[in-house]
Amino acid sequence: MTSAVPVVTDIAYQDLLDDPYPIFRRLREIAPAVFVAPAKLTLVTRFDDIMRIERDPATYSADNPASLVNKVMGPTFMRKDGAEHAIGRKAIEPSFRPATIKEHWAPQFTAIAEKLIDDLLATEEADLFSALAAPMASLSLMAMIGFRKMPWQTLAEWSQALIDGAGNYAADAEIERKAMQASAEVDAAIDAVLDDHRRQPNPSVLSSMINADPPMPIEGIRANIKVIIGGGLNEPRDAILTLVLGLLENPPQKNSVLAKPDLWPAALEEAVRWISPIGMYPRRVTRDVDLSGITLPQDLQIGLCVGAANRDGSRFAEPDRFDVTRPKQSHLAFGAGPHFCAGTWVSRLTVGKIVAPMLFARLRNLRLRAEAPPVVRGWVFRGPVTLPVRWDA
């Protein structure tokens, strides 16, 4: 016998932003799916249930007209299933091929990281959010997309406005206004370079899109570039910061990783499990269905809360603890199934093989500042918003 989706009304939306993990724990204990009134959404928080959902796109569709992503960014291939999704992914695939990443993007990302860390060496303390992670993610993504050079802050502001709009479940009018303004500015930036990429094919994402066979239509290019700006900037930015935070808060683990560089990939995977940069994404239920004893009605909008699933105690021992020695287990920080993140390998390269190792190698005795503790915020998207550090000259 199945039950209706339970409703929770006594959660403050601000608590979700500040520290969602106690709330996630409570939701997992209540039911497989719970309608959270302040978020105006039914959340799925258990690891096994999300895996089951991601393996059944016919029942749990990414094609979700009511999605805030569609409202802010337009119809993207991330919100499509089957052939439409596959066509969209194929159009950008040339930019993300392993050989392209290794031969074309890795040298550029390394040069960006070297310049930013050179600048850090002129002082002895900084906030790594604004001094390293945000410009690193922004400048790298600017190059990958194929935009003309602009201040890194511009792309970062667009990204923040777009992801705030995509996560605006509290229906804040000012957040919506900023998101729609950013959307229009991204359209203008695309229009300014598209003819150049059409005439001179290259490894950039815009070039791959416009020179695909058939070429991606302009509305698809605009929508998909906005999705890439959202997830493609905040995910590596927050992964850099989370990995550094996890190691600095756990000096023995930091020392182990520095002594055994082959642990860097495991350290990155643990960081994004511990604090998942992309913490929730939506799906639409296409038919009445039972999910582990709860009836989900047709057309229900649900949120797959991977930030909660990645701390599910039935999957991970001591899930709230950062532990680079954790036995290898798959997590959901990069999604699963057909919608597994296309930029996963770029993120693993940028964060785990370039930026974090270089940072610890070049900044001697890197440490947190006791008088200025880091701040971590968010639930739809989550990561450090400040990470003040100090090092020895």
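See the structure above.
All values derive from a computational prediction rather than experimental measurement. (Residues numbered from 1 in each chain as written. Predicted model: local features only at pLDDT ≥ 70, side-chain atom pairs only at ≥ 80, totals over all residues. Heavy atoms only, no water.)

Draft legend 1. Local environment of the overall build of the protein. Counting its regular elements, the protein contains 15 helices and 13 strands. Against the 2.2 N^0.38 benchmark of 21 Å for 393 residues, the protein shows a C-alpha radius of gyration of 21 Å, consistent with a compact globule. Residues classed as buried in the protein amount to 55% of the 393 residues present. For the protein, contacts bridging at least 24 residues in sequence account for 70% of all contacts bridging at least 6. Total accessible area computed for the protein in this model is approximately 16500 Å², and 56% of it derives from carbon and sulfur atoms. (Helix = DSSP H or I, 4+ residues; strand = E, 2+ residues; numbered from the N terminus. Rg over C-alpha atoms; globule rule 2.2 N^0.38 Å. Buried < 20%, exposed > 50% of the residue type's maximum accessible area, 1.4 Å probe, protein only. Contact = heavy atoms within 4.5 Å. Areas by Shrake-Rupley, 256 points an atom, 1.4 Å probe, with all protein chains shown as cover.)

Draft legend 2. The packing of aromatic side chains, seen in detail. Per the counting criterion, the structure on display carries seven aromatic pairs. Each ring, one from Tyr-13 and one from Trp-379, has its centre 6.3 Å from the other, and the planes form 85 degrees; the classification is edge-to-face. Here the residue Tyr-13 occupies a position in helix 1 (residues 13–18), and Trp-379 occupies one in the loop between strand 11 (375–377) and strand 12 (383–386), the gap between them amounting to 366 residues. Exposure remark for Trp-379: the relative accessible area of 3% places this residue in the buried category. Both rings, one in Trp-264 and one in Phe-360, keep their centres 5.9 Å apart while their planes meet at 45 degrees; by these two values the pair is tilted. Highlighted residues: Trp-264 in helix 13 (residues 264–274) and Phe-360 in helix 15 (residues 344–362), separated in sequence by 96 residues. Here Trp-264 and Phe-360 have matching classes, each one buried. Directly above the ring of Phe-316 sits Arg-273, whose terminal nitrogen or CZ lies 5.3 Å from the centroid. Sitting over the face of the ring of Tyr-21, Arg-311 holds its NZ or CZ atom 3.6 Å from the ring centroid. (Phe/Tyr/Trp six-rings, centres within 6.5 Å; stacked < 30°, edge-to-face > 60°. Lys NZ or Arg CZ within 6 Å of the ring centre and 35° of its normal.)

Draft legend 3. Structural view of the pairing of strand 12. Pairing of strand 11 with strand 12 involves three bridges; the strand directions are antiparallel. Paired with Arg-377 across the strands is Gly-383, a residue of strand 12. Taken together, strand 11 and the strand that follows it, strand 12, pair antiparallel across an intervening segment of five residues, in which Gly-378 is found at a positive phi of about 110 degrees. (Pairing = 2+ DSSP bridges.)

Draft legend 4. Examining the pairing of strand 2 (residues 33–36) more closely. In the sheet, strand 1 (residues 7–8) pairs with strand 2 via two bridges, with the strands oriented parallel. Looking at the pairing, Val-7 lines up with Phe-35 of strand 2. Linking strand 2 back to strand 3 (residues 41–44) in an antiparallel pair, the connection comprises four residues, with Lys-40 at a positive phi of about 55 degrees.

Draft legend 5. Region of interest: the environment of Ala-33. Take Ala-33: it is sitting in strand 2. Between the C-alpha atoms of Ala-33 and Ser-330, which are 297 residues apart in sequence, the distance is 22 Å. Among all residues touching Ala-33, those that are not within four sequence positions of it are Val-5, Pro-6, Thr-42, Leu-43, Val-44, Ile-294 and Leu-296.

Draft legend 6. Inspection of helix 11 (residues 218–249) at higher detail. Between its terminal C-alpha atoms helix 11 stretches 46 Å, which fits the 46 Å expected from 32 residues at 1.5 Å a residue. For helix 11, the buried fraction is high: 26 of the 32 residues fall into the buried class. (Expected span 1.5 Å × (residues − 1).)

Draft legend 7. View of the environment of Ile-228. Following the sequence through the fold, Ile-228 ends up in helix 11. Relative accessible area serves as the criterion here: at 15%, Ile-228 is assigned to the buried category. For Ile-228 and Tyr-169, which are 59 residues apart along the polypeptide, the C-alpha to C-alpha distance reads 21 Å. Ignoring sequence-local partners within four residues, the contact set of Ile-228 consists of Leu-141, Ile-145, Val-205, Met-209 and Leu-233.

Draft legend 8. Examining the pattern of salt bridges more closely. Tallying each qualifying case throughout the model produces 27 salt bridges. The partner of Asp-118 in a salt bridge is Arg-362, with the nearest N and O atoms 2.5 Å apart. Here Asp-118, found in helix 6 (residues 98–120), pairs with Arg-362, found in helix 15; they are 244 residues apart in sequence, far enough to count as distant. Residue class for Asp-118 comes out partly exposed when judged on its relative accessible area of 38%. Here Arg-390 ties to Glu-371 by a salt bridge, and the two come within 2.9 Å at their closest N and O atoms. Of this pair, Arg-390 sits in strand 13 (residues 388–392) while Glu-371 sits in the loop between strand 10 (364–368) and strand 11, placing them 19 residues apart in sequence. (Salt bridge = Lys/Arg side-chain N within 4 Å of Asp/Glu carboxyl O.)

Draft legend 9. How the structure looks around the nonpolar core. Membership of the largest hydrophobic core comes to 130 residues, with the highest contact counts inside it found for Phe-147, Ile-225, Leu-296 and Trp-379. If you tally residues by element for this core, the top one is helix 11, at 14 residues. Here Ile-225 is in contact with Ile-145, Phe-147, Val-186, Ile-190, Val-205, Leu-206 and Met-209, once residues within four sequence places are set aside. (Core = buried A, V, L, I, M, F, W, Y, C linked by side-chain atoms within 4.5 Å.)

Draft legend 10. The sheet that holds strand 5 (residues 125–127), seen in detail. Within the open sheet, the three strands sit side by side as 5-13-10. Their pairing is antiparallel. Looking at which strands have only one partner, the edges of the open sheet turn out to be strand 5 and strand 10. Direction aside, the axes of adjacent strands within the sheet are offset by 25 degrees on average. Here three bridges tie strand 10 to strand 13, and the two strands are oriented antiparallel to one another. Residue Arg-367 lies in a different strand from strand 13, and its bridge partner there is Arg-390. (Axes fitted to C-alpha atoms, helices over the stretch in contact; angles between N-to-C directions.)

Draft legend 11. Summary view of the sheet that holds strand 3. Pairing in this open sheet of six strands is mixed, and the strands run 1-2-3-9-6-4 from one edge to the other. In the strand order of this sheet, the two ends are held by strand 1 and strand 4 (60–61), each with one partner. For strand 6 (residues 281–285) and strand 9 (residues 301–304), the ladder comprises four bridges, and the chain directions are antiparallel. Looking at the pairing, Arg-284 lines up with Gln-301 of strand 9.

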